[in-house]
Amino acid sequence: MSRRGNTRRWLQRHVSDPYVRQAQAQGYRSRASFKLLEIDQSDRLLTPGATVVDLGAAPGGWSQVAAERIGPRGRVVAVDLLDMGPLPGVEFIQGDFSEQAVLDAMLALLPDGADLVMSDMAPNLTGVRDVDQPAALYLVELALDFAVRVLNPRGALLVKCFEGAGSQELRALFGRRFGQVLVRKPDASRDRSREHYLIGRAMLPITPSHSADRSEES
Ligand SMILES: C[S@@+](CC[C@H](N)C(=O)[O-])C[C@H]1O[C@@H](n2cnc3c(N)ncnc32)[C@H](O)[C@@H]1O
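Residues numbered from 1 in each chain as written. Predicted model: local features only at pLDDT ≥ 70, side-chain atom pairs only at ≥ 80, totals over all residues. Heavy atoms only, no water.

Draft legend 1. Here's a closer look at the site of the ligand. Every one of the 20 residues lining the ligand counts as a neighbour, but Trp-62, Asp-80, Asp-96, Phe-97 and Asp-120 are closest to it. Between an oxygen atom of the ligand and a main-chain N or O atom of Pro-59, the distance comes to 3.4 Å. Note that a nitrogen atom of the ligand is positioned 2.9 Å from one of the backbone N or O atoms of Phe-97. Its free accessible area being 610 Å², the ligand has 86% of it covered by the protein chains. For the shell around the ligand, the residue count by class is 11 nonpolar, 5 polar and 4 charged. (Near = heavy atom within 4 Å. Polar contact = N/O pair within 3.5 Å; in protein donor to acceptor, adjacent residues only side chain to side chain. Areas by Shrake-Rupley, 256 points an atom, 1.4 Å probe, with all protein chains shown as cover. Nonpolar A, V, L, I, M, F, W, Y, C, P; charged D, E, K, R; others polar.)

If you want it as structure tokens, here you go:
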């Protein structure tokens, strides 16, 4: 199908999508809000007063949900390549999370660590699986490395993943970092067949073999 045809099909799907309508009705910036709401309903990741990091935050649907749930005593530190309009309770950095300067700016905002790192980051999809899957995995690995650095002992990591080459290895890696690893597929993700979310909880102490793993991954 032509690029124009693809765009038309996307627009048709978008306007008839019940989650898009619900997001508009409830004042959420994206349908993605409902994925986080559903995951939080079952897994209770967002607790009052928590410090939450939102990686790949624009246009801000997850940040909105997080700020609502954690309340005025909590903080959301968000980052995205794209600009994002201001949201109450959300500190935003625009930049590429894979760049050292952006990472340093995030760390400077988190002197006391974080209780939840969540990543809905997704690369610009080309449609070529051999290109898209490694790009997506790379973003998950960045989120995981960051979480290992900043999470408090009782903290959790929530990341978007795509089923495909490397998925099993990624789950195994999560299993070496966390005592509990959960896979979630919220209803708002159903039409995105390969998309799912991984939750890591009960972070394990880094042992010498873990350190070796990290250098292998870099
Ligand atoms: C699916 S959208 C996130 C939607 C968001 N969770 C919401 O609820 O509105 C994925 C985002 O990841 C961002 N992203 C992808 N790679 C990134 C990177 N290297 N650094 C920062 N943001 C990135 C994209 O710009 C995009 O806005």
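Draft legend 2. Expanded view of the nonpolar core. Leu-55, Phe-97, Met-106, Val-117, Phe-146, Leu-157 and Phe-174 are the most contacted members of the largest nonpolar core, which has 32 residues in total. Secondary-structure elements contributing two or more residues to this core are strand E1 (51-55), strand E2 (75-80), helix H5 (100-108), strand E4 (114-119), helix H6 (129-150), strand E5 (151-162) and helix H7 (167-177). Examining the composition of this core, we find that 10 residues originate from one element, H6, more than from any other. Every residue in contact with Leu-55, bar those within four places of it in the chain, is listed here: Val-79, Phe-97, Met-106, Val-117, Met-118, Ser-119, Asp-120, Met-121, Ala-143 and Phe-146. In this structure, Tyr-28, Ile-39, Leu-45 and Val-76 belong to the second largest nonpolar core, which totals 30 residues. (Core = buried A, V, L, I, M, F, W, Y, C linked by side-chain atoms within 4.5 Å. Buried < 20%, exposed > 50% of the residue type's maximum accessible area, 1.4 Å probe, protein only. Helix = DSSP H or I, 4+ residues; strand = E, 2+ residues; numbered from the N terminus. Contact = heavy atoms within 4.5 Å.)

Draft legend 3. The arrangement of the sheet that holds E2 in detail. On the basis of which strands lie adjacent, the open sheet formed by 7 strands has the order E3-E2-E1-E4-E5-E7-E6 and mixed pairing. In the strand order of this sheet, the two ends are held by strand E3 (90-94) and strand E6 (178-184), each with one partner. Strand-to-strand twist across the sheet, computed as the mean angle between neighbouring axes with direction ignored, equals 15°. Where H6 meets the sheet, its contacts fall on E1, E4, E5, E6 and strand E7 (195-203), and the angle it forms with E5 comes to roughly 175°. (Pairing = 2+ DSSP bridges. Axes fitted to C-alpha atoms, helices over the stretch in contact; angles between N-to-C directions.)

Draft legend 4. Highlighting the environment of Leu-170. Mapped onto the secondary structure, Leu-170 falls in helix H7. In this structure Leu-170 comes out as buried when scored by relative accessible area, which is 5%. A C-alpha to C-alpha distance of 21 Å links Leu-170 and Pro-153, two positions 17 residues apart in sequence. Excluding residues that lie within four positions of it along the chain, Leu-170 makes contacts with Leu-137, Val-140, Cys-161 and Leu-198.

Draft legend 5. Unusual backbone geometry, seen in detail. Backbone torsion omega between Ala-58 and Pro-59 reads 5°, so that peptide bond is classified as cis. Checked against the element boundaries, Pro-59 lands in the loop between E1 and helix H4 (61-70). Backbone geometry at Arg-44 places phi at a positive 50°, although glycine is not the residue there. Mapped onto the secondary structure, Arg-44 falls in the loop between helix H3 (33-43) and E1. Unlike most non-glycine residues, Ala-202 shows phi in positive territory, near 55°. If you trace the backbone, Ala-202 turns up in strand E7. Relative accessible area serves as the criterion here: at 43%, Ala-202 is assigned to the partly exposed category.

Draft legend 6. Main features of the side chain of Thr-51. Take Thr-51: it is sitting in strand E1. Aside from chain neighbours lying at most four places away, what touches Thr-51 is Arg-75, Leu-110, Gly-113, Ala-114, Asp-115 and Leu-116.

Draft legend 7. Spatial organisation of the pairing of E4. Counting buried positions over the 6 residues of E4 gives 5, a clear majority of the element. Bridge count between E1 and E4: 4 bridges; the pairing is parallel. Bridge pairing in E4 links Leu-55 to Ser-119. The pairing of E4 with E5 spans 5 bridges and is classified as parallel. Bridging from a neighbouring strand, Val-117 pairs with Leu-157 of E5. Read from E4 through H6 to E5, the crossover connection turns out right-handed. (Right-handed = clockwise from strand over helix to strand, strands pointing away.)

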